[in-house]
Amino acid sequence: MLRQPILRIGMIALVFAWAGMAQAQYLLTGARSGGALQIGTGLPLPVGPGGIFLGGQTPGDAGNFPPLGVGVNPAFQYGVGASTIMATGATGTTGMGAALPGPGLIFPPSVLTKVADGVPNEIAVFPTNPAVFQVGTSIDFAWPAAPATLQDGAGPGPNFFPFAGGTATYSGGTRAFGGAAQFSIAAGSGAGTHLIPPNGSGVAPIATVFINAGGATAPPAASIALVVGASNAAGLGANGGSLNTAGTAPATSQTSMFGVGNIFGISAGPAGTIFGAVLVGPGPAGNNVILSGGFPWTTGFITLAHATGGETFFLSGGDNRVAGSGNLSLVSGALSQRTLSGGNGNRGWLNLQLATPEPAAVLGASSALGVLGLCHLVVRRRRQGSKA
């Protein structure tokens, strides 16, 4: 008497299993997935050895990615984590109001993370930016800063975006995979340890910049430098910001607040590395970013040019997924204008190696629903039999 109901329960369990797998879920492999940013030619973020990445200066090396120091959050790592990146076929809109055909991927916050180690990490930037000796950072990174959906058609090429004295040009077709998704940047545990106080809003500096007082000329052995602490009250990196409806400038333009500058006497090496710093007296608040904005991620090709800074970069991503799994590489540009050092073209890279989680978890959950339903049916049948 129970055969037909049991059969129905089994079919329901299979339907649940199919439905669970129909909305695809993905994890990231830890070895190949990650992200990175770079300000101009001289400052890779996270900070690494000098000259860590100077690629992208010709179209031929547009696809060269640097070491990706912002790694996979273990919660989203294949074989480790339980949280997943979801696929969606829903149609959305770009920041410019154009319809997207889908499909896409929904990324929860902080899929990629790097926490500062508590000690400012320093890099000599004088060889690539003679106006600056050295930068020390203490930054917590995460991507994305908020839930983000990247989709087919949100690339957004072909298009041309002028902003802050420069231009970002997206080449290629209209179906490039991409969209808006910003990095979050927060003051790490070592922030504020270079004698730079918090800014007027009480925000601890995430970076300390030792500026060459002589400008672009080579410094003597002991020079006077202006030292400023850079902080970001918005907590967001500009790369991957959304566009406004007109499509001519980022909607997420932001002003980075700087801490109070101080004049230091320094002893610098030939490469611009600072061996020592002694406080001489107070100096002006300094090199404020008056405009900074980012552009969407894309698997296509970007040309980023800043007229003021004289920097031109070429960026290229790619989509090598098969049935949703595989490698997805995305690039993004940002443009900024500073009161003292002028303009910068800034770059961002993401490499996401997507893998489907083991189906056992999905099937197990579906089977559990079927078993619960079956138990409920058996109990009901027994109650009916006892009443007869």
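Note that the coordinates shown come from a computational prediction; the quantities given were computed from them, not determined experimentally. (Residues numbered from 1 in each chain as written. Predicted model: local features only at pLDDT ≥ 70, side-chain atom pairs only at ≥ 80, totals over all residues. Heavy atoms only, no water.)

One pass over the full model with this rule turns up five aromatic pairs. Where Phe183 meets Trp297, the ring centres are 6.3 Å apart and the plane angle is 55°; that geometry is what we call tilted. With Phe183 in the loop between strand E14 (177–179) and strand E15 (184–187) and Trp297 in strand E21 (residues 297–298), this residue pair connects regions lying 114 residues apart in the sequence. The structure contains a cluster of three or more aromatic residues connected by ring pairs, namely Phe161, Tyr170 and Phe295. Taking the ring centre of Phe177 as reference, the NZ or CZ of Arg321 above it sits at 4.6 Å. Lying over the aromatic face of Phe313, Arg347 brings its terminal NZ or CZ to 3.8 Å of the ring centre. (Phe/Tyr/Trp six-rings, centres within 6.5 Å; stacked < 30°, edge-to-face > 60°. Helix = DSSP H or I, 4+ residues; strand = E, 2+ residues; numbered from the N terminus. Lys NZ or Arg CZ within 6 Å of the ring centre and 35° of its normal.)

Before going further, it helps to examine unusual backbone geometry. Between Leu45 and Pro46 the backbone carries a cis peptide bond, its omega angle lying at 0°. Counting through the fold element by element, Pro46 comes out in the loop between strand E3 (43–45) and strand E4 (71–72). In the segment running from Gly157 into Pro158, the intervening peptide bond is cis, with an omega of -10°. Its place among the elements puts Pro158 in the loop between strand E11 (148–152) and strand E12 (159–163). The backbone phi angle of Ser110 is positive, close to 60°, even though this residue is not glycine. Inspection of the secondary structure puts Ser110 in the loop between strand E6 (104–107) and strand E7 (112–114). With a phi angle near 55°, Ala323 is a residue other than glycine that sits in the positive phi range. Judged by its relative accessible area of 79%, Ala323 is exposed. (Buried < 20%, exposed > 50% of the residue type's maximum accessible area, 1.4 Å probe, protein only.)

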